[in-house]
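Reading the structure
One letter stands for each residue in the lines below.
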Amino acid sequence: MPLAEAETSLLRVQLQNLNCAGCVRRAEAALQAVPGVVGASVNLANATADVELAPDAEAGAIEAGLAQAGYPARQQDVMLALEGMNCASCVGRVETALLSVPGVVRAEVNLASERAHVAVFEGAVAPEALARATAAAGYPGHPVEADGGGASASARHDAEAARIRRDFLVAGVLTVPVFVLEMGGHMVPAFHHWVHHTIGMQASWMIQFVLTSLVLAWPGRMFYLRGFPALWRRAPDMNSLVALGTSAAWVYSVVALFAPGVLPEGTRAVYFEAAAVIVTLILLGRWLEARAKGRTGAAIARLIGLQPRTARVLRDGAEEEVALSALRPGDSIRIRPGERVPVDGEVIDGSSFVDESMITGEPVPVEKGAGASLVGGTVNGTGSVVMRATHVGADTVLAQIIRMVEAAQGAKLPIQALVDRVTLWFVPAVMVVALVAVAGWLTFGPDLTFALVAGVSVLIIACPCAMGLATPTSVMVGTGRAAELGVLFRKGTALQGLEKVRVVAFDKTGTLTEGRPVLTDLMVVEGQDEGEALAMAAALEARSEHPIARAVVQAAQERGLELPAVEGFESITGFGIRGAVGGRSVLVGATRLMVREEVETGALARRAEALAADGRSPLWLALDGRAVALIAVADRVKPEAAAAVAALQGMGLECAMISGDAEAVARSVARELGIAHVVAEVLPEGKVAALAELRATHGPVAFVGDGINDAPALAEADAGIAIGTGTDVAVETADVVLASGDPARVATAVAVSRLTMRNIRQNLFWAFAYNTALIPVAAGVLYPLTGLLLSPALAAGAMALSSVFVLSNALRLRFIVPQHDPVGTRRAQEAVA
């Protein structure tokens, strides 16, 4: 039976890859096969699909069906800043509210950053609709820019911490007299007698009633304004537990004070101090949480702080100071000594040394002259330069880094899925336990007050704040610290994936080597001048575009040699080059060119073989049919490469090299670095096959590369790591990006992953073990054996302490240091273990 029109909704989806009527039919068939889709109509002209949905239809299933059919839906990301979230159960309810909005594909909520990352079908959902959905669930939100919220988030955390601190101080001032009047008599009997004979117990209880009511109605009102509405929505959260527990204590005390006859004989007692102390201690925990949350996002704040607020733009011959947001590509900007570079660009006038350590990690300033590139956020030295802006706003390197870090910090790791499933039902389960405890002690216990204490203690101690904070705070601090160390996690899930890696495979050229061949050896026969031989070879090579040719020419330029004129230049593909210099016939090329031209290589032949075996490329210079010089060119190994391999091997990881270069060259580099497993002379698809073989032998594999030809391997690897100085294709394909060309940062990336995941497990163990152990204690299971019954005030203190512990433990990740530094390794293990 068809659904009634009122039971369905219409969703418009924009599709990709639609080319013909056949595509339309296939896309419609794919949509109609999705559970919950009542009907679908695809329009080829505007590449859209109008989909009629049943109430149980899921946007994620629609996305998967279209993607499998080859017509993926266009999506856009929306970020919301949320209010009112306090615990892990809040996270689950916000995500459920967002996913209930038609057109929402995915929703990930981060308790630590108080942000929601929502993927929606492009144009199908307005950000305001998402904000209304979260507000209806009890968590007001508003859309924010994905790359511009760092500063406002920091300000919001500071403001929240200041507000909660104020509430805590007010609550503390009001609670202290209540605590002293009630508990002072229990601890010091003489004080009890003094109160009884001076102001009297009735007056004492009245004072406690007034002060406690002020605590609950003023600094503690947030728990009731949020907790009770959540109960009415049948979605209780942490605030509901606090509201129920303190209200029960307060109501019972009010009845005991004003209508004692209602209560059974012998049960007249007040618990005003419990209600007041609970609110005060939880506010203390909230304040400490807010302060710690602010520090978890410190990395983003520091990155944003690298951007100057204004820049001096040259217009019509005069300098004009403008806001950074007003800059446009092509603007000429003057940078004075000591100032930060405002945006990305190139030097057009002047020279200076620029500190680029924020990008490269290298402390030595880099000389910049006309034509040199500048990166926004770096620091100018003592010179004054004028630059032309090439990338501004969201297109700068620094803005891209900030986006990467924000995306990684907001990601939800697979390990979080279990936590979310548990905590969504945790609060209702706790309320059931509290009711069972009350009912049990009313039936078998000594009196009504005993049952009240047990029920309130269960409600208060079980707040799942620590569970919700365990994973996101560690992710935020870990990825933020990684960014400061030059390791950018583009995908937060890579943080968990990299920990499982057992083998790291490197590309060679540009990753372990400089990627720029240089002249390493020059040998001439007796009677031949070295400078003359190099000048002749460079004169011919200057006509070639081959990388080896550039190495020979650069060597001649560095020696200040004047290159002679060349006549009759000819390139012999696959062999070398030929020409005439000063009337003499000149050949420059590989050994096969000498064989082809029947040139005798003489005594230098054995040396050429040794150079080839050592991974260098030998070139011959022949004059008038006689070999007179042997030139060797090689791609130098990066100084940091040996440290990278040694550090990874010291961490128990296997290292391998997968390269398209010649076998001899690849094995020579591998020998120098101590890499045993080498796969050489492979095409890009061969690298993918080599990774599959490594995975079958050793387990999960990471691949480190920098070129376009590395993109398939980076995508195939369990963790793809791109060298930041490589191509855009490699960077966009990778899961992790190293900000500089230093391969030793791979070890730092692995260390951050391992230490962060260990930290998360520590947090989760503490959070779950705490609740598992203390809820039964609060319910009174130990009372028959030991006479121990946890008081509500102590329960509140323990609950606040659990959240503070989790946050403090996560903040230790701020002390991670570069793993390839032996001293730093020891310090990191001591600080974070």
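In the block above lies the structure referred to throughout.
Predicted, not measured: the structure shown is a model, and the values here were computed from it.

Calculation notes
- Residues numbered from 1 in each chain as written.
- Predicted model: local features only at pLDDT ≥ 70, side-chain atom pairs only at ≥ 80, totals over all residues.
- Heavy atoms only, no water.
- Helix = DSSP H or I, 4+ residues; strand = E, 2+ residues; numbered from the N terminus.
- Buried < 20%, exposed > 50% of the residue type's maximum accessible area, 1.4 Å probe, protein only.
- Contact = heavy atoms within 4.5 Å.
- Areas by Shrake-Rupley, 256 points an atom, 1.4 Å probe, with all protein chains shown as cover.
- Patch = residues over 30% accessible without salt bridge, like charges linked within 9 Å, V, L, I, M, F, W, Y side chains within 5 Å.
- Salt bridge = Lys/Arg side-chain N within 4 Å of Asp/Glu carboxyl O.
- Pairing = 2+ DSSP bridges.
- Axes fitted to C-alpha atoms, helices over the stretch in contact; angles between N-to-C directions.
- Parallel < 35°, antiparallel > 145°, perpendicular 65-115°, else oblique.
- Left-handed = near helix turned anticlockwise from the far one by under 90°.
- Nonpolar A, V, L, I, M, F, W, Y, C, P; charged D, E, K, R; others polar.

A count of helical and extended segments in the protein chain gives 31 helices and 29 strands. Per-residue burial for the protein chain yields a buried fraction of 53% across its 833 residues. Residue pairs in contact within the protein chain that sit at least 24 positions apart in sequence constitute 69% of those at least 6 positions apart. With an accessible surface of roughly 35800 Å², the protein chain has 57% of that area assigned to carbon and sulfur atoms.

What follows is about a nonpolar patch on the surface. Taken together, the side chains of Met 206, Val 210, Leu 214 and Phe 258 present a nonpolar region at the surface, about 330 Å² in accessible area. A per-element tally of the nonpolar patch places helix α7 (residues 201–217) first, with three residues. Structurally, Met 206 is set in helix α7.

Spatial ordering of the open sheet is given by β9-β8-β10-β16-β11-β14, a layout of six strands whose pairing is antiparallel. Edge positions in the sheet fall to β9 (318–323) and β14 (373–374), since each has one partner strand and no second.

It is worth spelling out the packing of α7 against helix α9 (residues 238–258) at this point. Running from N to C, α7 and α9 cross one another at 150 degrees; their axes reach a closest spacing of 11 Å. Relative to α9, α7 is oriented roughly antiparallel. Viewed along their axes, α7 and α9 form a crossing whose handedness is left-handed. Counting all contacts with α7, which are made through Gln 202, Trp 205, Met 206, Phe 209, Thr 212, Ser 213 and Leu 216, the residues of α9 involved are Trp 250, Val 254, Leu 257 and Phe 258. Residue composition of the contact of α7 with α9, grouped by class: eight nonpolar, three polar and no charged.

Moving on to the pattern of salt bridges. Overall, the coordinates contain 22 salt bridges when judged by the stated rule. Residues Glu 319 and Arg 336 are paired through a salt bridge, measuring 3.4 Å at the closest nitrogen-oxygen approach. Of this pair, Glu 319 sits in strand β9 while Arg 336 sits in the loop between β10 (332–335) and β11 (344–350); the two residues are 17 residues apart in sequence, bridging distant segments of the chain. On the basis of relative accessibility, which here comes to 37%, the residue Glu 319 falls in the partly exposed class. A relative accessible area of 36% places Arg 336 in the partly exposed class. Note that Arg 695 is salt-bridged to Asp 718, the shortest N-O span being 3.0 Å. Placement of Arg 695 in helix α25 (residues 684–698) and of Asp 718 in the loop between α26 (711–716) and β28 (719–723) is noted, with a sequence separation of 23 residues between them. A residue is classified by how much of its surface remains accessible, and Arg 695, at 25% relative accessible area, is partly exposed. A relative accessible area of 37% means that Asp 718 is categorised as partly exposed. Linked through salt bridges whose partners overlap, the residues forming this network are Glu 570, Arg 578, Arg 596 and Glu 597.

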